[in-house]
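# Architecture at a glance
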Amino acid sequence: MPATREMNGSTCSVEMEDEWKREERESMSPHLTNMENEEGASEQLQRDPDKDHGAHFNYAHFGDTDFKEATLQTRSGSIPNTKSLKDLGRQERRRIISKSGDCNTQLYRVSDKNRRLMQDVFTTMVDMQWRYVFLAFIASFIVSWFGFGVIWWFMSYVHGDYLLENINNSTFVPCILANKNFASAFLFSQETQHTIGYGSRQTTEECPEAIILQCIQSIVGVLIQACMAGVVFAKLARPKCRTNTVVFSKNAVITMRNGGLFLVFRVGNMRRSHLLEAHVRAQLVQKVTTDEGEIIHFHQEELKVGTQLSGEDDRALLLWPIFIAHPIDEESPLWRMSPQDIQNSNFEIIVVLEGIVEPTGNTTQARTSYLPQEILWGYRFDNLVSYARKQGVYAIDCSSIDQTVPDNTP
């Protein structure tokens, strides 16, 4: 039996304190990652934090703080034991899709990763963070200006444009007029690439290679502008942020409809512009074992969901927050589960809503997930649509999208 000590009037186990210290040491080590292999054994992998851009290491929370506190408290309201804290921490870390839609996955040991990414350099640049896009945007112009400026300066130097006797000779014709030093060559490079044309510096017929170089820089400048403008436009036009205005209910409920059980959650569009051709799908991720003994740790099973009372037809018309229902029948993986079985289960229901953004025509995808602790048995969602006679519109109370009321579901 472990030794104990008194703390604020409650008995706290030394084993709990050691567990907290161990987890704190693990969180302070940013280069080591604990993960489980397919056999369930734990192993540590070395990761480079500089290469984590574009990946999501977001150990997301379950929802609101009240839910966490309710989970931590026992029935008597006392401080939870070490096992409760361990179980809660393990469930938090193992969430696949956060409530905000981020994927809690990380790729390891990718062979020739840099080469693969550079083969699709446009998509790689679009996926980069904005600060790196701006850095690449600025660097592409500065490097091209400087590079061609060096070539212009070297060409003028070889031709003798910087010699004092040629400068003082009124009959000498340089390759570039008003070109006195490297600063002049650099400025001429900018004027050539962007067709500024201040009027003082220009090429002459004296150097044919200067005419060829001027044509080359003009073409290269147009290509750089087109590529960088395309990257910035594609990044601005991405509908990724559109998912911030698609809201899912924090909890799903199991209720009775026309004599059958249904798993129901709610989704709504918070913009006046609509999502065209919107449709929804759901998958249940859990560990399964085949008849032959094969263990599939993250099996994805498609759930039949729909907007109708029968749970059919996955097309959604988001005029207001609507119900998405999954019928719990013989074909459902939840068919033989009681309320207690669901709470004790280890699965995750991943929900995906796809649609076309009306102003841009781009396709967007909003995601969320529900854990067993976020499924309420014997509840239904409250109504949030009413008619405002004075304004002559249907008023939608978006603050009530998570509001549920108990029902008579057995």
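A brief report on the enclosed structure follows.

The rules behind each value
- Residues numbered from 1 in each chain as written.
- Predicted model: local features only at pLDDT ≥ 70, side-chain atom pairs only at ≥ 80, totals over all residues.
- Heavy atoms only, no water.
- Helix = DSSP H or I, 4+ residues; strand = E, 2+ residues; numbered from the N terminus.
- Contact = heavy atoms within 4.5 Å.
- Expected span 1.5 Å × (residues − 1).
- Buried < 20%, exposed > 50% of the residue type's maximum accessible area, 1.4 Å probe, protein only.
- Polar contact = N/O pair within 3.5 Å; in protein donor to acceptor, adjacent residues only side chain to side chain.
- Salt bridge = Lys/Arg side-chain N within 4 Å of Asp/Glu carboxyl O.
- Axes fitted to C-alpha atoms, helices over the stretch in contact; angles between N-to-C directions.
- Left-handed = near helix turned anticlockwise from the far one by under 90°.
- Nonpolar A, V, L, I, M, F, W, Y, C, P; charged D, E, K, R; others polar.
- Parallel < 35°, antiparallel > 145°, perpendicular 65-115°, else oblique.
- Pairing = 2+ DSSP bridges.
- Disulfide = S-S within 2.5 Å.
- Patch = residues over 30% accessible without salt bridge, like charges linked within 9 Å, V, L, I, M, F, W, Y side chains within 5 Å.
- Areas by Shrake-Rupley, 256 points an atom, 1.4 Å probe, with all protein chains shown as cover.

## So, the overall build of the protein chain
When helices and strands are tallied, the protein chain shows ten helices and 18 strands. The contacts in the protein chain between residues at least 6 apart in sequence include a share of 63% that link residues at least 24 apart.

## Description of helix 8 (residues 182-193)
Here helix 8 contains twelve residues, and its C-alpha end-to-end distance of 17 Å stays within 8% of the 16 Å for a straight helix at 1.5 Å per residue. All of the buried residues along helix 8 are S184, A185, F188, S189, Q190, E191, T192 and Q193. Packing partners of the buried residues in helix 8 comprise helix 6 (130-159) and helix 9 (208-237). In this structure N181 caps helix 8, since a side-chain oxygen of it lies 3.2 Å from the backbone nitrogen of A183. Taken from the residues just after helix 8, T195 is the one with a positive phi, measuring 50°.

## Details of the side chain of T204
Mapped onto the fold, T204 is located in the loop between helix 8 and helix 9. By relative accessible area, T204 is classed as buried at 9%. Apart from residues no more than four positions distant in its own chain, T204 is found in contact with V173, P174, C175, L177 and I211.

## Quick word on the pattern of salt bridges
Applying the stated rule across the entire model yields eight salt bridges. D329 is paired through a salt bridge with K304; the nearest N and O atoms lie 3.9 Å apart. Taken as a pair, D329 in the loop between strand 11 (322-327) and helix 10 (339-344) and K304 in the loop between strand 9 (295-303) and strand 10 (315-316) lie far apart in primary sequence, 25 residues in all. Across the salt bridge formed by R315 and D313, the nearest N and O atoms sit 3.2 Å from each other. For R315, a relative accessible area of 56% gives the class exposed. By relative accessible area, D313 is classed as partly exposed at 32%. Connected through shared salt-bridge partners, R95, K99 and E374 make up one network.

## A closer look at the packing of helix 8 against helix 9
Two elements in contact, helix 8 and helix 9, have axes separated by 8 Å at closest approach and are oriented at 65°. When the axes of helix 8 and helix 9 are compared, the crossing they make is right-handed. On the side of helix 8, the interface is formed by S189, T192 and Q193, while helix 9 contributes Q214, Q217, S218, G221, I224 and Q225. Tallied by class, the residues present in the contact of helix 8 with helix 9 amount to one nonpolar, eight polar and no charged.

## Description of the packing of helix 6 against helix 8
Two elements in contact, helix 6 and helix 8, have axes separated by 8 Å at closest approach and are oriented at 125°. Taken together, the axis directions place helix 6 and helix 8 in an arrangement best described as oblique. In this structure, helix 6 meets helix 8 at a crossing whose hand is right-handed. Across from F141, S144, W145, F146, F148, G149, V150, W152 and W153 in helix 6, the residues of helix 8 making contact are F182, A185, F186, F188, S189, Q190 and Q193. Taken together, the residues that form the contact of helix 6 with helix 8 break down as eleven nonpolar, five polar and no charged.

## Points about the pairing of strand 17 (residues 393-396)
When strand 16 (residues 385-388) meets strand 17, the two strands line up antiparallel, connected through four bridges. Pairing of S386 across the sheet is with A395, part of strand 17. With antiparallel pairing between neighbouring strands as the criterion, strand 16 and strand 17 make up a hairpin whose turn holds four residues, including G392 at a positive phi of roughly 70°.

## Overview of the pairing of strand 11
Of all six residues in strand 11, five are buried; the element is thus mostly enclosed. As paired strands, strand 7 (residues 260-269) and strand 11 are joined by six bridges and run antiparallel to one another. Looking at strand 11, one finds that R266 is bridged to F323.

## What about the state of the cysteines?
One pass over the full model with this rule turns up one disulfide. Note on cysteine connectivity: C175 is disulfide-linked to C207, with sulfurs 1.7 Å apart. One disulfide, between C175 and C207, carries an S-S torsion of -60° and so falls in the left-handed class. Here C207 lies in the loop between helix 8 and helix 9 and C175 lies in the loop between helix 7 (164-167) and helix 8, a separation of 32 residues in the sequence. Considered together, C175 and C207 belong to a single accessibility category, that of buried residues.

## Remarks on the environment of M228
Tracing the backbone shows M228 in helix 9. Those residues within four positions of M228 in sequence are excluded, and the remaining contacts are M125, V133, A136, F137 and S140.

## Regarding a nonpolar patch on the surface
Taken together, the side chains of L317, L319, W320 and I396 define a hydrophobic patch exposed on the protein surface, amounting to about 400 Å² of accessible area. Structurally, L317 can be placed in the loop between strand 10 and strand 11. For L317, a relative accessible area of 64% translates into the label exposed.

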